[in-house]
Amino acid sequence: MTTNRIAIVTGGSRGLGRSTVLQLAKRGVHSVFTYNSSSDEAEKVVAAVQEIGGKAIALELDTGNVASFDGFVGDVRSALATLGAKRFDYLVNNAGISDHTAFASLTEEVLDRIYSVNFKGVVFLTQKLLPLLNDGGRIINISTGLTRFTTPDTIPYASLKGAIEVFTVYLAKELGSRGITVNAVAPGAIQTDFSGGVVRDNPAVNQHVAAVTALGRPGLPDDIGLLVASLLSEDSRWVTGQRIEASGGMNL
Ligand SMILES: NC(=O)c1ccc[n+]([C@@H]2O[C@H](COP(=O)([O-])OP(=O)(O)OC[C@H]3O[C@@H](n4cnc5c(N)ncnc54)[C@H](OP(=O)(O)O)[C@@H]3O)[C@@H](O)[C@H]2O)c1
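Quick notes on the rules
- Residues numbered from 1 in each chain as written.
- Predicted model: local features only at pLDDT ≥ 70, side-chain atom pairs only at ≥ 80, totals over all residues.
- Heavy atoms only, no water.
- Salt bridge = Lys/Arg side-chain N within 4 Å of Asp/Glu carboxyl O.
- Helix = DSSP H or I, 4+ residues; strand = E, 2+ residues; numbered from the N terminus.
- Buried < 20%, exposed > 50% of the residue type's maximum accessible area, 1.4 Å probe, protein only.
- Near = heavy atom within 4 Å.
- Polar contact = N/O pair within 3.5 Å; in protein donor to acceptor, adjacent residues only side chain to side chain.
- Areas by Shrake-Rupley, 256 points an atom, 1.4 Å probe, with all protein chains shown as cover.
- Nonpolar A, V, L, I, M, F, W, Y, C, P; charged D, E, K, R; others polar.
- Pairing = 2+ DSSP bridges.
- Axes fitted to C-alpha atoms, helices over the stretch in contact; angles between N-to-C directions.
- Contact = heavy atoms within 4.5 Å.
- Phe/Tyr/Trp six-rings, centres within 6.5 Å; stacked < 30°, edge-to-face > 60°.
- Expected span 1.5 Å × (residues − 1).

Caption draft 1: Focus on the pattern of salt bridges. Per the counting criterion, the structure on display carries twelve salt bridges. Among the salt bridges present, the one from Glu165 reaches Arg243, with a minimum N-O distance of 3.0 Å. One end of the pair, Glu165, is in helix α5 (residues 155–175); the other, Arg243, is in strand β7 (residues 243–246), with 78 residues separating them in the sequence. What makes Arg243 partly exposed here is its relative accessible area of 30%.

Caption draft 2: The site of the ligand, seen in detail. Arg14, Ser38, Asn94, Tyr157 and Thr192 are the nearest of the 30 residues found near the ligand. Interatomic distance of 2.7 Å between a side-chain N/O atom of Ser37 and an oxygen atom of the ligand. For the ligand, whose free accessible area comes to 900 Å², the fraction covered by protein is 95%. Listed by contribution, the elements that provide at least two residues to the shell around the ligand are α1 (15–26), α4 (108–129) and α5. Its residues assigned to classes, the shell around the ligand shows twelve nonpolar, 13 polar and five charged.

Caption draft 3: Structural context of the sheet that holds β7. Pairing in this open sheet of seven strands is parallel, and the strands run β3-β2-β1-β4-β5-β6-β7 from one edge to the other. If you trace the sheet from one side to the other, it starts and ends with β3 (56–60) and β7, each paired once. Adjacent strand axes in the sheet meet at a mean angle of 20° when their direction is disregarded. As judged from the four bridges shared by strand β1 (residues 6–9) and strand β2 (residues 30–35), these two strands associate in the parallel manner. The residue bridging Ala7 from the neighbouring strand is Ser31, located in β2. Running at roughly 170° to β2, helix α2 (residues 39–52) makes contact with β2 and β3 of the sheet. Taken strand by strand, α5 contacts β5 (133–142), β6 (181–187) and β7, and its axis lies near 160° from that of β6.

Caption draft 4: A look at the packing of aromatic side chains. Throughout the structure, instances matching the rule amount to three aromatic pairs. Consider the rings of Phe119 and Phe167, whose centres lie 6.3 Å apart with planes at 75°: the pair is edge-to-face. Of this pair, Phe119 sits in helix α4 while Phe167 sits in helix α5; the two residues are 48 residues apart in sequence, bridging distant segments of the chain. Taking relative accessible area as the criterion, Phe119 reaches 18% and is therefore assigned buried. Judged by centre distance (5.9 Å) and plane angle (55°), the rings of Tyr157 and Phe194 are tilted. Separated by 37 residues along the polypeptide, Tyr157 in helix α5 and Phe194 in helix α6 (residues 194–201) bring together distant segments of the chain. Exposure remark for Tyr157: the relative accessible area of 8% places this residue in the buried category.

Caption draft 5: Quick look at helix α8 (residues 221–231). Buried residues of α8: Ile224, Gly225, Leu227, Val228, Ala229 and Leu231, and no others. Buried residues along α8 sit in contact with α1, β4 (88–93), β5, β6 and β7.

Caption draft 6: Representation of the side chain of Thr126. Locating Thr126 in the fold gives a position in helix α4. Residue classification places Thr126 among the buried residues on the basis of a relative accessible area of 2%. Within polar-contact distance, the side chain of Thr126 engages the side chain of Asn93 at 3.0 Å. Among residues more than four places away in sequence, those in contact with Thr126 are Leu91, Asn93, Ile139, Phe167 and Leu171.

Caption draft 7: How the structure looks around α5. For α5, with 21 residues, the first-to-last C-alpha span of 30 Å sits near the 30 Å given by 1.5 Å per residue. Of all the positions in α5, only Pro156, Tyr157, Ala158, Leu160, Lys161, Ile164, Glu165, Phe167, Thr168, Leu171, Ala172 and Leu175 are classed as buried. Structurally, α5 contributes buried residues whose contacts are with α4, β5, β6, α6 and β7.

No statement about biological role is implied by the geometric values presented.
In structure tokens:
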């Protein structure tokens, strides 16, 4: 049997999830991570983990398709068996989509899509995976700084991340008897592909974020991957039901 801890990370093919998988690998934590459309990027993450000397297995998943979750749990069981385990230790609900629809133009279709991927999928994936999560394990849900401060045309996205934060508190209470901690990490603007890569690639946006951030720059993926890895470590064992913002002090 494996003695390494095992994490399940959704959306590990790119951005914050990719960084999380790599930072965990540096700490000896194996990952079963998911990708949706970026199978090539997922393969690169697996290779990068192997270079570090770790193990990672990539599984396909659309977190907006709840009907596929029972099949996914079967895939997880197989992946865990490959790693020499029956259960896992950490769940990082990271996969998500952005949206910038003006409130006046918002449609049911748009709201339902964001709800499916960013909230409903998180709730039911967590429910389905809980029987495989070890007692004493950890759950981290990725929220956003936008639940504390506002930016235009982000009402549905930010509201549903707000729901994730409430879900986090209730789940922490629910799972405390199993010794499982549940926390939300709320990143500020980070330079990833998110929202078409606007924070990274649009100089005006990049400079604006830097100007309103106490630490003077937009975030990098590792700013979040490092935090998630540290929250999953023994050092953070007494933290549960909390929203931890990692924004470099955005809009203070
Ligand atoms: N970047 C920011 O500024 C920022 C700030 C605050 C919060 N966040 C949150 O951080 C999380 C990660 O964002 P990111 O910046 O890393 O985004 P990203 O670079 O766009 O990566 C998104 C990841 O989520 C996966 N994904 C997207 N839709 C999916 C679906 N329907 N089913 C399963 N996986 C899906 C993608 O998989 P494929 O590529 O394989 O399709 C990819 O691995 C999100 O929850 C986001 O809301 C981001």
